[in-house]
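Coordinates in review
The chain contents come next:
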Amino acid sequence: MKYYLTTPIYYINDKPHIGHAYATIAADTLARYHRLKGDEVFFLTGVDENGQKNTDAAILAGKGDRIQEYVDEQAAVWRNTWDTLDITYTDFIRTTEARHKKAVYDFFMRVHEHGDIYKGNYEGYYCGGCEEFIRETDLVDGLCQYHKKAPEKIQEENYFFKCSAYRDKLLAHIEKNPHFIQPVSRRNEVLDYIKNHFDDISISRQSVHWGIPLPLDPSHAIYVWFDALVNYLTGVGFGADLETFNRWWPADLHLVGKEIIKFHCALWPAMLMAAGLPLPKAVFAHGFFTVDGQKMSKTLGNVVDPLSVARDFGKDALRYFVLREIHFGADGDFSVRRLKQRYDSDLAKGLGNFVSRVLAMAEKIDCTKTTVSYQDGDGSNALETVQAAWHAWEESFKIVDFTAALEAIWEVMSWGDWYIDMKKPWALTKQKPEAAKEVLALLLELVRQVHAMIVPFLPETAVSIAHQLGLKSDIFSTLPLSRYQKWQGVPIGPIRKGDVLFPQKN
Ligand code: MSP
């Protein structure tokens, strides 16, 4: 099967912070999960370089009108960040690229030819921070409630997209496709927006010059959202390679933050309907992070740099923390204190300790050829424990519940720890060496199974465990997961206990 998933394309007016890394890590985890299942994955991420926000930032950075230079530098910062964090994107798209301009041009013309573009007068407010036209009723004391700035009052002759024409079709689509908007708790918000506020939208700006020129009138720039959303098509070849495009589109999943769900579940599908293209299968909106209980902001000086967290705790610990601590879809808090606690309890004393306990013993007694009955658990059963975990793991991925998948994996290790304490293999080695071998073979099998379960979440750790178990680190490129999941279905050894996986932090 093939699987096409996307992250939002990020504005490059600053460097990536932990919120951006959260969305990207989540998408990377899904991409790795699908690859592990044998799917062919296209994972698109990138940057949103047009619009007012980026121009303002270029000026602030002292670039004057050398905006291209600014966006080139910034795009490199974003890409390097994802490379440093081992994000396995298939393509990194920049909206100033020629391929994207061409795709937007073609897309616009399809919508125009369908009769959905008209000229009108726009009079109202625009918030450059939101890159959004806003209603007077949304202002608080005359200010944008998010950016605390007075929006620009605009009176311009603009081109409009007749999105209101798609209101009923959109509502019917959402009704018929219960999985289109996820989590379901976000549905009503979108439905309310479509029913009550989804008016025709101005899609060109006369006063903005950093953007894609409007095909009908190049003195206008295309509204940044109308251009940005099209990136999901450009990335898989729209406007350039029809065969590739038809192969990958529609996307299986757009992963976005909750603040941009309206754009993805109302404007974007309406645009696609107007262009006569199929809609994405699903949009999942994740929640927002605060930092130590406060909104992340430059002024407060509490913006968390994902690279520095990765440097201090490791890339896998960063991934583990954000995916385990905050229920995906809900809002959550990022705190280094909590990260340290989870690092200590779940990674150092949990996974790290379990693996090192088992491997230290298994290195001394050769048990890699010992077949073992999974019934051996004094009532509770290793195979059932592993199978229950695989089932929960699989079900959790279906609903993008990373926390539940991780909890299921940790259940296997808790069972393993209980089993070690009950069997006391170190005491068995002298009196009953055969029994000790069996106990350790069973424990090694648990480590082997856990190894596969953590592949999407903790890729570095998974490689290290594979190495310690004497498995090839790219074992899944040739072996289907279903074969790997069979009880003692894959030979292991020689065991080479490596360094501690998660060294204690002070
Ligand atoms: N450029 C638009 C998206 C266009 S998609 C066609 C945009 N960019 S953004 O830089 O503001 O990034 C938005 C995304 O970054 C959010 O949707 C979310 O995924 C992530 N986050 C930004 N701040 C965040 C938090 N504080 N917490 C969690 N995620 C956050 O909007």
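Scroll up to find the structure this text is about.
Because the structure is a prediction, the values reported are computed rather than measured. (Residues numbered from 1 in each chain as written. Predicted model: local features only at pLDDT ≥ 70, side-chain atom pairs only at ≥ 80, totals over all residues. Heavy atoms only, no water.)

1. Brief notes about the site of the ligand
- Looking at the ligand, there are 23 residues lining it, with Ile9, Asp48, Gly257, His286 and Phe289 nearest.
- Contact distances for the ligand include 2.8 Å between a nitrogen atom and a backbone N or O atom of Ile9.
- Look at the ligand: alone it shows 660 Å² of surface, and the protein chains cover 93% of it.
- Mapped onto the shell around the ligand, the elements with two or more residues apiece are strand 1 (2–11), helix 1 (18–36), helix 7 (224–228) and helix 8 (231–234).
- Broken down by element, the shell around the ligand gets its largest block of residues, 4 residues, from strand 1.
- Here the shell around the ligand is built from residues that sort into 13 nonpolar, 8 polar and 2 charged. (Near = heavy atom within 4 Å. Polar contact = N/O pair within 3.5 Å; in protein donor to acceptor, adjacent residues only side chain to side chain. Areas by Shrake-Rupley, 256 points an atom, 1.4 Å probe, with all protein chains shown as cover. Helix = DSSP H or I, 4+ residues; strand = E, 2+ residues; numbered from the N terminus. Nonpolar A, V, L, I, M, F, W, Y, C, P; charged D, E, K, R; others polar.)

2. Considerations on the sheet that holds strand 6 (residues 152–161)
- Taking strand neighbours across the sheet as the criterion, the 4 strands line up as 5-4-6-8 in an open arrangement whose pairing is antiparallel. The strands lining the two open edges of the sheet, one partner per strand, are strand 5 (132–134) and strand 8 (201–202).
- One ladder, built from 10 bridges, connects strand 4 (residues 117–127) with strand 6; its direction is antiparallel. Across the sheet, Tyr118 pairs through a bridge with Phe160, a residue of strand 6.
- The strands touched by helix 10 (residues 261–275) within the sheet are strand 5, strand 6 and strand 8, with strand 6 carrying the most contacts at an inclination of about 35°. (Pairing = 2+ DSSP bridges. Contact = heavy atoms within 4.5 Å. Axes fitted to C-alpha atoms, helices over the stretch in contact; angles between N-to-C directions.)

3. Things to note about the pairing of strand 13 (residues 283–286)
- With burial as the criterion, each face of strand 13 is covered, one bearing Val283 and Ala285 and the other bearing Phe284 and His286.
- Sheet topology places strand 7 (residues 181–182) next to strand 13; 2 bridges connect them, and they run parallel. For Ile181, the partnering residue across the bridge sits in strand 13 and is Val283.
- For strand 12 (residues 253–257) and strand 13, the ladder comprises 4 bridges, and the chain directions are parallel. (Buried < 20%, exposed > 50% of the residue type's maximum accessible area, 1.4 Å probe, protein only.)

4. Quick word on the side chain of Asn231
- The residue Asn231 is located in helix 8 in this model.
- The exposure class of Asn231 is buried, given its relative accessible area of 1%.

5. So, the packing of aromatic side chains
- All told, the structure shown has 43 aromatic pairs when counted by the stated rule.
- Ring plane angle 70° and centroid distance 4.8 Å describe the contact between Tyr126 and Phe133, whose orientation is recorded as edge-to-face.
- Judged by its relative accessible area of 2%, Tyr126 is buried.
- For the ring pair Phe402 and Phe457, a centre distance of 6.2 Å and an interplane angle of 90° mean the geometry is edge-to-face. On the criterion of sequence distance, the pair formed by Phe402 in helix 15 (residues 402–423) and Phe457 in the loop between helix 17 (433–453) and helix 18 (459–469) is long-range, its members being 55 residues apart.
- Over the face of the ring belonging to Tyr126 we find Arg205, whose NZ or CZ atom lies 4.3 Å from the ring centre. (Phe/Tyr/Trp six-rings, centres within 6.5 Å; stacked < 30°, edge-to-face > 60°. Lys NZ or Arg CZ within 6 Å of the ring centre and 35° of its normal.)

6. A word on the pattern of salt bridges
- Counted according to the given criterion, the structure contains 33 salt bridges.
- Here Arg99 makes a salt bridge to Glu97, at a shortest N to O gap of 3.3 Å.
- Under the relative-accessibility criterion, Glu97 is labelled partly exposed at 26%.
- One salt bridge connects Arg342 with Asp346, and the closest N-O pair in it is separated by 2.7 Å. Placement of both Arg342 and Asp346 in helix 13 (residues 336–364) is noted, with a separation of 4 residues, approximately one turn of the helix.
- Judged by relative accessible area, which is 13%, Arg342 ranks as buried.
- The buried category is assigned to Asp346, whose relative accessible area is 11%.
- The network of salt bridges with shared partners includes Lys63, Arg66, Glu69 and Glu73. (Salt bridge = Lys/Arg side-chain N within 4 Å of Asp/Glu carboxyl O.)

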